[in-house]
Amino acid sequence: MATIKLQLSKKRSKGNESEILMRLSVDREHVLRAKTGIYINSSYWNHSLAKIVIPRLHTSERKQL
């Protein structure tokens with residue numbers, strides 16, 4: 001069974017933004033890691049759920065997310 005895990009990079013770039021990293025595990029011997037090229041403000045990332053939190057207010061940031 002394959003699993004996909006997402007996390008934020010510890011390196012900050014473009015101000016307060018971090019890149020989303022992806023890890024694909026097929027089995028113990030086959031683990032792939034990749035950079036997605038998607039940058040997000042770290043305040044919009046939920047670490048426990050490993051996904052983007054979109055604010056409920058209608059702002060320009062909501063459209064970007």
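Above: the structure in question.
Counting of residues starts from 1 at the beginning of each chain's written sequence and follows it residue by residue. The predicted origin of the model limits local features to residues at a pLDDT of at least 70 and limits the giving and counting of side-chain atom pairs to 80 or more, whereas totals for whole chains, interfaces and linings rest on all residues. As a convention, hydrogens and water are excluded, and side-chain values are obtained from all of the structure's heavy atoms.

Peer 1: I would appreciate a short explanation of the side chain of Glu-19 in the present structure.
Peer 2: The secondary structure listing takes helices from DSSP runs of H or I that are at least 4 residues long and strands from runs of E that are at least 2 residues long, numbered from the N terminus. On the secondary structure map, Glu-19 appears in strand S2 (residues 17-25). The buried charged residue Glu-19 lacks any salt bridge partner; its closest oppositely charged side chain belongs to Lys-35, at an N-O distance of 4.8 Å. Within 3.5 Å is the distance limit for a polar contact, defined as a pair of N or O atoms, with the added protein rule that one can donate a hydrogen and the other accept it, and that residues adjacent in sequence qualify only through two side-chain atoms. Of the polar contacts made by the side chain of Glu-19, one reaches the backbone nitrogen of Gly-37; its length is 2.9 Å. Pairs of residues are marked as contacts when any of their non-hydrogen atoms sit within 4.5 Å. Contact partners of Glu-19, with chain neighbours within four places excluded, come to Gln-7, Leu-8, Ser-9, Lys-35, Thr-36, Gly-37, Ile-38 and Tyr-39. For the exposure calls, accessible area comes from a 1.4 Å probe over protein chains only, and a residue counts as buried if that area is under 20% of its type's maximum, exposed if over 50%, partly exposed in between. Under the convention used here, Asp and Glu are negative, Lys and Arg are positive, and both His and the chain ends fall outside the count. In what follows, salt bridge is the name for a side-chain nitrogen of Lys or Arg lying within 4 Å of a carboxyl oxygen of Asp or Glu.

Peer 1: What is the right way to read the sheet that holds strand S3 (residues 31-41) from this model?
Peer 2: Hydrogen bonds between backbone groups are what pair the strands of a sheet, and the pairing can be parallel or antiparallel. The antiparallel open sheet is built from three strands, whose spatial order is S1-S2-S3. Of all the strands in the sheet, the pair left with one neighbour each is strand S1 (3-8) and S3. Averaged over neighbouring strand pairs, the angle between their axes works out to 20° when direction is ignored. Pairing between strands is defined by DSSP: at least two bridges between the two strands are required. Note: S1 against S2, six bridges, orientation antiparallel. Bridging across to S2, Leu-6 finds its partner in Met-22. Here an axis means a line fitted to C-alpha atoms, over the contact stretch when the element is a helix, while the angle between two N-to-C directions is reported on a 0 to 180 degree scale.

Peer 1: Explain the environment of Leu-6 here, please?
Peer 2: Position of Leu-6 relative to the elements: it lies in strand S1. Sequence separation between Leu-6 and His-47 is 41 residues; the distance between their C-alpha atoms is 9.2 Å. Excluding its chain neighbours within four sequence positions, the residues that come into contact with Leu-6 are Ile-20, Leu-21, Met-22, Trp-45 and Ala-50.

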